[in-house]
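Examining the three-dimensional arrangement
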Amino acid sequence: MNKYVKEFCLRGLIFGGFGPIIVGIVYLCISLSTELAVSGTEFFSAIISTYLLAFVHAGASIFPQIESWSIIKSISVHFPTLYIAYTLCYLINTWIPFDWKVVLIYTAIFILVYLAIWVTVFTITKRTTKNLNKRI
Amino acid sequence: MEYKLIIDKEKEESLILTVNERNELVEKIEELVGMKADIIHAYKDNEIFRISSGEADCFFTDNNKIYAYVGKDKYSIKLRLYQLEEILNDDFMKINRGCLVNVKKIRKFEMSFGGTISVVLTNGFSDYISRRELKNVKRRMGL
């Protein structure tokens, strides 16, 4: 098995469990503040889909580390992978409705958040790399 | 096989083996003796080389096997990575769960868009620093 596929699966298996934990905490918080009525089927669907989402999210972190891939290629695989995984998860759990206007707004927010995260990570990493290079 | 252990504080320590042919036991004993003397047995093209640990650029795992780079030459190593960690001197640092690099052979640190930093060695070899090891790497580099 390709070492990157293996690493994708390994990271997915390690961190996949965090999805249902987070969704459980969110549901708990919502139920404490409002009257949330979640059926067994909905809760089961949320657990499975967030497990898969966390699996894909963690696994996708290997993309930037594939040495033979350029940054452009990494982003063009990493971004759609996360976008598809998140969008499917949100739609399946009806956290957003099947309405193109809503999906459009959701997509815009997703892109903004994605950019904000990477700009932050990029800035911190750049500073650390610069400091490490000064120490050689 | 006859086995004798002589404990004599007066004599210089030595280990002499008499065997009919090289076998796994001989190789293991050589590894152990080498570990004591900071010598690592490296294998390439059916030949065995004795390298001192300081010569190596890095040790890394690939498909569950351990390899070392000495310059551009790649050697197979029969020790496990955790055994190497125990015997290698402070020049080596772990950058991820499958790679030890010689600090003196680092050419530069390089960033990737994903927030990871890679170590590039003078021989061109590069590998990423895992998030778990980044703290140790920063400490080792004096940050």
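Note that the structure is a prediction, hence the values are computed from the model and not measured.

1. Quick word on the overall build of chain A
- Of the regular secondary structure elements, chain A holds five helices and zero strands.
- Expressed as a percentage of its 136 residues, the buried residues of chain A come to 16%.
- Considering only contacts within chain A whose residues lie at least 6 apart along the sequence, 73% involve residues at least 24 apart.

2. A word on the overall build of chain B
- A count of helical and extended segments in chain B gives three helices and 10 strands.
- Each helix and strand of chain B, placed in order from N terminus to C terminus, yields the pattern α-β-β-β-β-β-α-β-β-β-β-β-α.
- By the burial criterion, 24% of the 143 residues in chain B qualify as buried.
- In chain B, once contacts between residues fewer than 6 apart in sequence are set aside, the share between residues at least 24 apart is 39%.

3. Remarks on the pairing of strand β2 (residues 47–52) of chain B
All names here are of chain B.
- Here strand β1 (residues 39–44) runs beside β2; their pairing, made up of six bridges, is antiparallel. Counterpart to Lys44 in the pairing with β2 is Glu47.
- The hairpin formed by β1 and β2 contains two residues between the paired strands, and Asp45 there has a positive phi angle of roughly 50 degrees.

4. A look at the sheet that holds strand β3 (residues 58–62) of chain B
All names here are of chain B.
- Ordered in space as β2-β1-β5-β4-β3-β7-β6, the seven strands form an open sheet in which the pairing is antiparallel. Of all the strands in the sheet, just β2 and β6 (92–96) have a single pairing partner and so form its edges. Going from strand to strand, the sheet's axes swing by 40 degrees on average, the running direction of each strand aside.

5. Quick word on the sheet that holds strand β8 (residues 106–111) of chain B
Residue and element names in this part refer to chain B.
- One open sheet accounts for three strands, arranged β8-β9-β10; its pairing is antiparallel. The sheet is open, and its two edges are formed by β8 and β10 (126–129), each paired on a single side. Direction aside, neighbouring strands of the sheet carry axes that sit 30 degrees apart on average.
- Inspection of the sheet shows β8 paired to strand β9 (residues 117–121) by five bridges, in the antiparallel sense. Paired with Met111 across the strands is Ile117, a residue of β9.

6. Some thoughts on the nonpolar core
- B:Cys58, B:Phe59, B:Ala68, B:Ile95, B:Leu100 and B:Val101 are the most contacted members of the largest nonpolar core, which has 27 residues in total.
- Setting aside residues up to four positions removed in sequence, B:Cys58 forms contacts with B:Ala68, B:Tyr69, B:Cys99, B:Leu100, B:Val101, B:Asn102, B:Leu121 and B:Phe125.
- Listed in part, the nine residues of the second largest apolar core include A:Ala54, A:Val56, A:Ile62 and A:Phe63.

7. Digging into the packing of helix α2 (residues 18–33) of chain A against helix α3 (residues 40–60) of chain A
All names here are of chain A.
- Across the interface, α2 lies against α3 with an axial gap of 7 Å and an inter-helix angle of 130 degrees. Between α2 and α3, the interaxial angle falls into the category oblique. Like other packed secondary-structure pairs, α2 and α3 cross with a definite hand, here right-handed. Side by side, α2 and α3 meet where Phe18, Gly19, Pro20, Ile22 and Val23 of the first sit next to Ala46, Ile47, Thr50, Tyr51, Leu53 and Ala54 of the second.
- Across the contact of α2 with α3, the residue classes break down as nine nonpolar, two polar and no charged.

8. Describing the environment of A:Ile22
- When you line up the elements, A:Ile22 lands in helix α2.
- The exposure class assigned to A:Ile22 is partly exposed, which follows from the 13 C-beta atoms found within 10 Å.

9. Things to note about the interface of chain A and chain B
- The interface is formed by 19 residues belonging to chain A together with 16 residues belonging to chain B.
- For the side of chain A that touches chain B, the elements supplying multiple residues, two or more each, are α4 (71–92) and α5 (100–134) of chain A.
- Examining the composition of the side of chain A that touches chain B, we find that 10 residues originate from one element, α5(A), more than from any other.
- Looking at side-chain class alone, the side of chain A that touches chain B contains eight nonpolar, eight polar and three charged residues.

10. Quick word on the packing of α3(A) against α4(A)
Residue and element names in this part refer to chain A.
- Where α3 meets α4, the closest approach of the two axes is 10 Å, and the angle between their N-to-C directions is 175 degrees. Our classification of the angle between α3 and α4 gives roughly antiparallel. Note on element contacts: α4 touches α3 through His78, Thr81, Leu82, Ala85, Tyr86, Cys89 and Ile92, opposite Ser45, Ser49, Thr50, Leu53, Val56, His57 and Ala60.
- Grouping the amino acids of the contact of α3 with α4 by side-chain chemistry returns eight nonpolar, six polar and no charged.

11. Structural notes on the confidence of the model for chain B
Residues and elements named next belong to chain B.
- Model confidence for chain B is summarised by a mean pLDDT of 88, while 96% of its residues fall at 70 or above.
- Within chain B, the lowest mean pLDDT, 75, falls on helix α1 (residues 24–36), and the highest, 96, falls on strand β7 (residues 99–102).
- Overall fold confidence for the complex sits at a pTM of 0.65, while the interface term, ipTM, reaches 0.72.

Analysis parameters
- In this convention, every chain numbers its residues from 1, walking through the sequence in written order.
- To read the labels, note that chains go from A and ligands from 1, taken in the order they are written.
- Reporting of local features is limited, given that this is a predicted model, to residues whose pLDDT is at least 70; pairs of side-chain atoms are given and counted only at 80 or more, and all residues count toward the totals for whole chains, interfaces and linings.
- Strands here are runs of E lasting at least two residues and helices are runs of H or I lasting at least four, both read from the DSSP assignment and numbered beginning at the N terminus.
- Three exposure classes are used, all based on how many other C-beta atoms lie within 10 Å of a residue's own C-beta (placed from the backbone): buried at 20 or more, exposed at 12 or fewer, and partly exposed between those limits.
- It is the C-beta atoms, placed from the backbone, that decide contacts: two residues are in contact if theirs lie within 7 Å.
- Pairing between two strands requires that DSSP report at least two bridges joining them.
- Working convention: axes come from line fits to C-alpha atoms, limited for helices to the stretch in contact. Angles between N-to-C directions cover 0 to 180 degrees.
- Linking buried Ala, Val, Leu, Ile, Met, Phe, Trp, Tyr and Cys residues through C-beta atoms within 7 Å yields a set, and such a set is a nonpolar core.
- Any angle that falls under 35 degrees is termed roughly parallel, while one over 145 is termed roughly antiparallel, one within 65 to 115 roughly perpendicular, and all others oblique.
- Two helices crossing with the near one rotated counterclockwise from the far one by less than a right angle form a left-handed crossing, whereas a clockwise rotation gives a right-handed crossing.
- Residues are sorted three ways: Asp, Glu, Lys and Arg are charged, Ala, Val, Leu, Ile, Met, Phe, Trp, Tyr, Cys and Pro are nonpolar, and all the rest, Gly among them, are polar.
- Per residue, pLDDT measures the predictor's confidence, with a range of 0 to 100.

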